[in-house]
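Reading the structure
So the chains spell out like this:
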Amino acid sequence: ASVICCRVSPKQKALVTRLVKAGKGKITLAIGDGANDVGMIQEADIGVGISGVEGMQAVMASDFSIAQFRFLEYLLIVHGHWCYKRIATMICYFFYKNITFGLTVLWYEAHTSFSGQTVYNDWFMSLFNVAFTSLPVLSLGVFEQDVPATICLEFPAIYQQGPTNVFFSWFRILAWMCNGLYGSIIIFLITSTVFQHQAFRQGGEVSGLEELGSIMYTCVIWVVNYQIALATNHFTWIQHVFIWGSICLWYIFLLVYGLITPLYSSTAYHVLVEALAPAPMYWITALFVALICILPYFTFSAYQRTFHPMDHHIIQEVKHLKKDVEDPKMWTEEKAKAVEKASIGFTARVEAKIRRLKEKLHT
């Protein structure tokens, strides 16, 4: 239904917006171009200001600013869909990577009867979210696009993924958390089992806490960065640099940090040069663990795309196979299906009159 208000004051505009929020429990968007719209814009969940001849008061009070009213379609259908998908995936990935990293510490503590000895170097733990996994998340939140802007406008039904909360449901959040739990278990079990009696140095010494911590940390870095690469739909050179550069940055840090005197590097002193890099088992294990950890996500994605594809999956496949060029008739029909007819306006008024007539007949 629609609400039309004529010659109302700025306070009344805000009260109508508040009434819709409280009565319907929906997320509201207010758009205005003048100072009399400021109250309405601030009361709504999302405020959009139009910069025009009536001044900049509405723009300064709004969350988003556009130059003309017609740009609202692009703001909602394109940027609204992209932002929802980016933020939802980014938050779920934050849960995943920190669960994967944090639980490996818990499993080691349980394995050592909670002795209080941490498996990772202090600097390893401090730089995990700051240096080695921060940039890929930022690239996901800024550059991710499941479909191009033109496709969003041609298939506006994709926008419904946001209001229906497809990518940020409890099921999806718990699935990401379970994926992190699975990854942490695999990382700890394989690394602790494989390197329990593995000799690293030329003298035949077996791996100790220094080697085990570095190996587990390497596997975590590989796994979480591989995972975000799988979750990314749209790659740019910046994302490639951030994702694969984060893995390279870990090795550069371990090399440089290990060359510092043991007074500062402690457990990381020469661990890469003398112990890890010369051992083929170290590289094989890191690759094997990474593949095992991302296997469930890869399998689920392949199954979903094959048997239960979502709207953007179908569009991605059509564009990849260039079906829109080879069969333009099919492409036109699919676009027509994506535009749903609205029952607001004349149809809604007719239904209201019929309902009133039925009420009179019953009375």
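See above for the structure.
Below you will find a few notes about this structure. From a predicted model like this one, the values you see are computed outputs, not experimental measurements.

Notes on the overall build of the protein chain
When helices and strands are tallied, the protein chain shows 17 helices and 3 strands. Expressed as a percentage of its 363 residues, the buried residues of the protein chain come to 38%. Taking the contacts inside the protein chain whose residues are at least 6 apart along the sequence as the reference set, 67% of them involve residues at least 24 apart. In the form shown here, the protein chain has an accessible surface area of approximately 20900 Å², with 65% of it arising from carbon and sulfur atoms.

Some points on the packing of aromatic side chains
In the structure shown here, the tally under the stated rule is 24 aromatic pairs. Centre to centre, the rings of Y120 and Y217 are 5.4 Å apart; their planes meet at 75°, and the pair counts as edge-to-face. Taken together, the residues Y120 in the loop between α4 (72-111) and α5 (122-132) and Y217 in helix α9 (residues 209-231) connect sequence positions 97 residues apart. Both residues of the pair, Y120 and Y217, count as buried. Through pairs of rings, three or more aromatic residues link up here, namely F101, Y120, F124, F128, F132, Y217, W250, F253 and Y257. Geometry around F167 places K85 over its ring, the cationic atom sitting 4.6 Å from the centre.

Some details on α5
Listed as buried for α5 are F124, L127, F128 and F132. Each buried residue of α5 lies within a common arc of 135° when the element is viewed along its axis, so the set occupies one face. Relative to its buried face, α5 has exposed residues pointing more than 90 degrees away, namely D122 and V130. Here α5 starts with a cap whose side-chain oxygen sits 2.8 Å from the backbone nitrogen of W123, and that cap is N121.

Quick notes on the side chain of K97
Here K97 is to be found in helix α4. An unpaired buried charge is present at K97: no salt bridge exists, and E144, the closest side chain of opposite charge, is 17 Å distant. In this structure the side chain of K97 is engaged in a polar contact, spanning 3.1 Å, whose partner is the side chain of T133. Not counting chain neighbours up to four residues away, the residues in contact with K97 comprise F128, N129, T133, V137 and V224.

Considering the sheet that holds strand β2 (residues 46-50)
A sheet is described by the order of its strands in space; here 3 strands give the open sequence β1-β2-β3, paired in parallel fashion. Because the sheet does not close on itself, it has two edges, and the strands there are β1 (29-32) and β3 (64-66). Strand-to-strand twist across the sheet, computed as the mean angle between neighbouring axes with direction ignored, equals 20°. Across 4 bridges, β1 lies against β2 in parallel orientation. Bridging across to β2, I31 finds its partner in V48.

Describing a nonpolar patch on the surface
A cluster of nonpolar side chains, L249, I252, L255, V256, L259 and V273, forms an exposed patch at the surface whose accessible area comes to about 500 Å². In terms of residues, the nonpolar patch owes the most to one element, helix α10 (residues 237-259), which gives 5 residues. When you line up the elements, V256 lands in helix α10.

Here's the deal with the pairing of β1
Burial along β1 is one-sided: the face carrying A30 and G32 is buried and the face carrying L29 and I31 is not. Of the crossover connections in this fold, the one passing from β1 over helix α2 (residues 38-43) to the parallel β2 is right-handed.

A closer look at the packing of α9 against helix α13 (residues 280-307)
Running from amino to carboxyl end, α9 crosses α13 at an angle of 40°, the nearest separation of the two axes being 9 Å. For the element pair α9 / α13, the angle class is oblique. α13 is crossed by α9, and the crossing has right-handed handedness. The residues of α13 that touch α9, namely those facing I215, T218, C219, W222, V223, Y226, Q227, L230 and A231, are Y282, T285, A286, L287, V289, A290, C293, I294, Y297 and F298. In terms of residue class, the contact of α9 with α13 is made up of 16 nonpolar, 3 polar and no charged.

Some details on the packing of α5 against α9
Two elements in contact, α5 and α9, have axes whose closest approach is 12 Å; the angle formed by their N-to-C orientations is 20°. The angle between the axes of α5 and α9 places the two elements in the roughly parallel class. For α5 against α9, the interelement crossing comes out right-handed. Residue-level inspection shows F124, M125, L127, F128 and F132 of α5 in contact with α9, the latter providing S214, Y217, V220, I221 and N225. Of the residues assigned to the contact of α5 with α9, the class counts are 8 nonpolar, 2 polar and no charged.

Cut-offs and rules
- Residues numbered from 1 in each chain as written.
- Predicted model: local features only at pLDDT ≥ 70, side-chain atom pairs only at ≥ 80, totals over all residues.
- Heavy atoms only, no water.
- Helix = DSSP H or I, 4+ residues; strand = E, 2+ residues; numbered from the N terminus.
- Buried < 20%, exposed > 50% of the residue type's maximum accessible area, 1.4 Å probe, protein only.
- Contact = heavy atoms within 4.5 Å.
- Areas by Shrake-Rupley, 256 points an atom, 1.4 Å probe, with all protein chains shown as cover.
- Phe/Tyr/Trp six-rings, centres within 6.5 Å; stacked < 30°, edge-to-face > 60°.
- Lys NZ or Arg CZ within 6 Å of the ring centre and 35° of its normal.
- Arc of directions from axis to C-beta.
- Polar contact = N/O pair within 3.5 Å; in protein donor to acceptor, adjacent residues only side chain to side chain.
- Lys, Arg positive; Asp, Glu negative; His and termini not counted.
- Salt bridge = Lys/Arg side-chain N within 4 Å of Asp/Glu carboxyl O.
- Pairing = 2+ DSSP bridges.
- Axes fitted to C-alpha atoms, helices over the stretch in contact; angles between N-to-C directions.
- Patch = residues over 30% accessible without salt bridge, like charges linked within 9 Å, V, L, I, M, F, W, Y side chains within 5 Å.
- Right-handed = clockwise from strand over helix to strand, strands pointing away.
- Parallel < 35°, antiparallel > 145°, perpendicular 65-115°, else oblique.
- Left-handed = near helix turned anticlockwise from the far one by under 90°.
- Nonpolar A, V, L, I, M, F, W, Y, C, P; charged D, E, K, R; others polar.

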